[in-house]
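What follows is each chain in one-letter form.
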Amino acid sequence: MAIQKAPREGFSEALIRLGHQHEDLVVLDADCAKSNMTNFFKDQFPNRFFNVGISECDLVGTAAGLAIGGKIPFANAYANFLTGRAYDQMRISVCYSNNNVKIVGHNAGTSAAQEGATHLPLEDISLMRSLPRMTVIVPADSLEMEKAVEAAYYHEGPVYLRVGKLPVPIVTKKEDRFQIGKAIKYRDGNDVTLISTGIMLDETFKAAEALGKKGIQADVLHIHTIKPIDVEAIATSATKTKRVVTIEEHSIIGGLGSAVAEVLSEHCPVPLKRIGTQDRFGVSGKMHELLDFFELRAARITATAEKLVDSALIK
């Protein structure tokens, strides 16, 4: 059984570690410091922490100003409110102006389940990857989150980092190399390509194991950077397997599935099935209940991949 830890814990720990190393790192929060775990940064660096209140637009605008002044700001708020309310500020003050701001969307995906349906950000990746100059990172677990925070700090330019609230299995390894824009290949196979992002890597691993027992060998790619996406890795794998399944804890509209579809249509047209939430809003419940409700489980991934392989064999 994999150890479980909340991605927000990895985020907080990495932020503090970088804070000790770099005096230009500052943190802003929209009055959610305890939930976002930025309060621990505040405890150690009170003069480099700014609570702007429940005002996401001011949060982003202030962060942009700090970036102009030579600081590297990490602006934190709940992902649904941050990407929705402050979209204009991110578009103009951050991306258009090419300011070195790190936008951190917390309570991402189903981890916000118990806070109510309106709090579930299932469209945030779509919004952020549409912005020119914005880099979009979606780590799989707390360990990869630590690497992502460090990579975001050193990356010159706007970054959107998606952070989950609740504990999830740690499925990546310390030795895994994290590089913005580069996929990680976890398994070799010739029959089907499974491409996941975020916390769905755990269910994807389980699906690959189940498929293996059925005699179907899956290529498994983990896409932690939705933008820029690793075109070469996706096209290479798809050319080999001739069929692809994407898995994400986000709407299939505008997220990983859409990004991969764009790559395949231009570089390697093959059958594609997208697993994620459909054209709908979230619902209230517990995280595990929502993962079941949206069928974001290994069983669905397995069945989808198996059907793709079978249909190819029939032809």
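Look a little higher up for the structure.
These figures come from a predicted structure and were not determined experimentally. (Residues numbered from 1 in each chain as written. Predicted model: local features only at pLDDT ≥ 70, side-chain atom pairs only at ≥ 80, totals over all residues. Heavy atoms only, no water.)

## Structural notes on the packing of helix α10 (residues 231–241) against helix α11 (residues 256–267)
Here's step 1: One way to put it is that α10 packs onto α11 with a least axis distance of 10 Å and a crossing angle of 65 degrees. Between α10 and α11 lies a crossing of right-handed hand. Contact residues: Val231, Ile234, Ala235 and Ala238 in α10; Val260, Val263, Leu264 and His267 in α11.
Here's step 2: Along the lines of polarity and charge, the residues of the contact of α10 with α11 split into seven nonpolar, one polar and no charged. (Axes fitted to C-alpha atoms, helices over the stretch in contact; angles between N-to-C directions. Helix = DSSP H or I, 4+ residues; strand = E, 2+ residues; numbered from the N terminus. Left-handed = near helix turned anticlockwise from the far one by under 90°. Contact = heavy atoms within 4.5 Å. Nonpolar A, V, L, I, M, F, W, Y, C, P; charged D, E, K, R; others polar.)

## A look at the pattern of salt bridges
Here's step 1: One pass over the full model with this rule turns up 16 salt bridges.
Here's step 2: Across the salt bridge formed by Arg85 and Glu56, the nearest N and O atoms sit 3.3 Å from each other. In this pair, Arg85 is assigned in helix α5 (residues 79–85) and Glu56 in helix α4 (residues 56–68), connecting sequence segments 29 residues apart.
Here's step 3: Since its relative accessible area comes to 46%, Arg85 is described here as partly exposed.
Here's step 4: The shortest N-O distance in the salt bridge between Glu203 and Arg297 comes to 3.1 Å. Of this pair, Glu203 sits in helix α9 (residues 201–213) while Arg297 sits in the loop between α12 (287–293) and α13 (298–314); the two residues are 94 residues apart in sequence, bridging distant segments of the chain.
Here's step 5: Residue classification places Arg297 among the partly exposed positions, given a relative accessible area of 24%.
Here's step 6: It is possible to trace a salt-bridge network through shared partners that takes in Asp202, Glu203, Lys206, Asp292 and Arg297. (Salt bridge = Lys/Arg side-chain N within 4 Å of Asp/Glu carboxyl O. Buried < 20%, exposed > 50% of the residue type's maximum accessible area, 1.4 Å probe, protein only.)

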